[in-house]
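Structural overview
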Amino acid sequence: MATIEPTARRKIVLPAPPYTVDDLLKLPDDGNRYELFNGSLVVSPAPTPLHQRAIYRLAHILTDAAPPGLEALPTVNVCPGDKDFYIPDLVVVPEAASESVGLMFAPSDLLLAVEVVSPSTKMHDRGAKAAAYAAAGIPLYWRVEPEPGPALYVHELEGDSYRDPSVYKAGTTVTLSTPYRVSFDPAELFGRRLSNP
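The text that follows walks through the structure, step by step, so that each part is easy to find. (Residues numbered from 1 in each chain as written. Predicted model: local features only at pLDDT ≥ 70, side-chain atom pairs only at ≥ 80, totals over all residues. Heavy atoms only, no water.)

**A closer look at the pairing of strand β11 (residues 151-158)**
Regular strands have side chains that alternate between both faces of the sheet. Of the strand pairs in this sheet, strand β10 (residues 140-145) and β11 are connected by six bridges, and their pairing is antiparallel. Considered in β11, the bridge of leucine 140 is made with glutamate 156. The antiparallel hairpin formed by β10 and β11 contains five residues in its connecting segment. The pairing of β11 with strand β13 (residues 166-169) spans four bridges and is classified as antiparallel. Each bridged residue has a counterpart across the sheet, and for tyrosine 153 the counterpart in β13 is valine 167. Here two bridges tie β11 to strand β12 (residues 161-162), and the two strands are oriented antiparallel to one another. Residue pairing across strands places leucine 157 opposite tyrosine 162, the latter belonging to β12. What sits between the antiparallel neighbours β11 and β12 is a turn of two residues, in which glycine 159 has the positive phi angle 70 degrees. (Pairing = 2+ DSSP bridges. Helix = DSSP H or I, 4+ residues; strand = E, 2+ residues; numbered from the N terminus.)

**Brief notes about the pattern of salt bridges**
All told, the structure shown has seven salt bridges when counted by the stated rule. Notably, a salt bridge pairs lysine 129 with glutamate 115, separated by 2.9 Å at the nearest N-O pair. On the criterion of sequence distance, the pair formed by lysine 129 in helix α4 (residues 122-135) and glutamate 115 in strand β9 (residues 112-116) is long-range, its members being 14 residues apart. Neither residue differs from the other here; lysine 129 and glutamate 115 are each classed as buried. Of the charged contacts, one joins glutamate 145 and arginine 126 as a salt bridge, the two residues approaching to 2.8 Å between their closest N and O atoms. On the criterion of sequence distance, the pair formed by glutamate 145 in strand β10 and arginine 126 in helix α4 is long-range, its members being 19 residues apart. By relative accessible area, which is 5% here, glutamate 145 ends up buried. On the basis of relative accessible area, arginine 126 is assigned to the partly exposed category, the value being 38%. Salt bridges sharing common partners tie together Glu35, Glu115 and Lys129. (Salt bridge = Lys/Arg side-chain N within 4 Å of Asp/Glu carboxyl O. Buried < 20%, exposed > 50% of the residue type's maximum accessible area, 1.4 Å probe, protein only.)

This is the structure:
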């Protein structure tokens with residue numbers, strides 16, 4: 001059994017693993033991110049300000065480029081099964097799916113999942129999340145690596161796994177055609193703004 005002690009002094013006692021989505025939904029809203037991977041609980045702290053900057057800026061870039069009917073959304077719930085529950089940093093979904101979904105998107109709703117790597121999540125984002133997103137059938141996974149210099153890793157689904165990623169480093173403009181045409185320099189996601197848009 002696992003015991004979670006939220007700051008409100010209320011203990012939450014979970015059954016022994018593996019955990020289910022129903023177990024996960026009993027956890028407190030304490031600022032941490034709780035995810036499930038095949039019944040294993042993964043807890044991440046709230047993202048750093050630079051991490052949030054990258055998510056916010058990429059969301060704006062994707063929103064500005066989106067064709068009618070598609071939208072970029074940060075930190076949504078994705079549930080492929082009763083022992084898996086993911087919270088990507090950013091997704092692209094049809095607006096119709098956003099209007100009809102309740103608490104959780106199905107993986108089939110996602111055209112793109114994005115993770116911005118942080119020190120506490122780097123091993124998970126590079127390995128477990130890429131494998132889980134591919135197994136769930138998410139066609140496109142972007143991984144943004146801030147160090148040693150910002151870079152974008154684009155993983156495209158081929159069968160039931162992602163091909164080796166295409167890598168785009170800071171200092172060059174990336175132009176991608178999926179999930180729709182968008183162009184940007186990965187350096188824009190982390191650096192200081194030089195002017196107002």
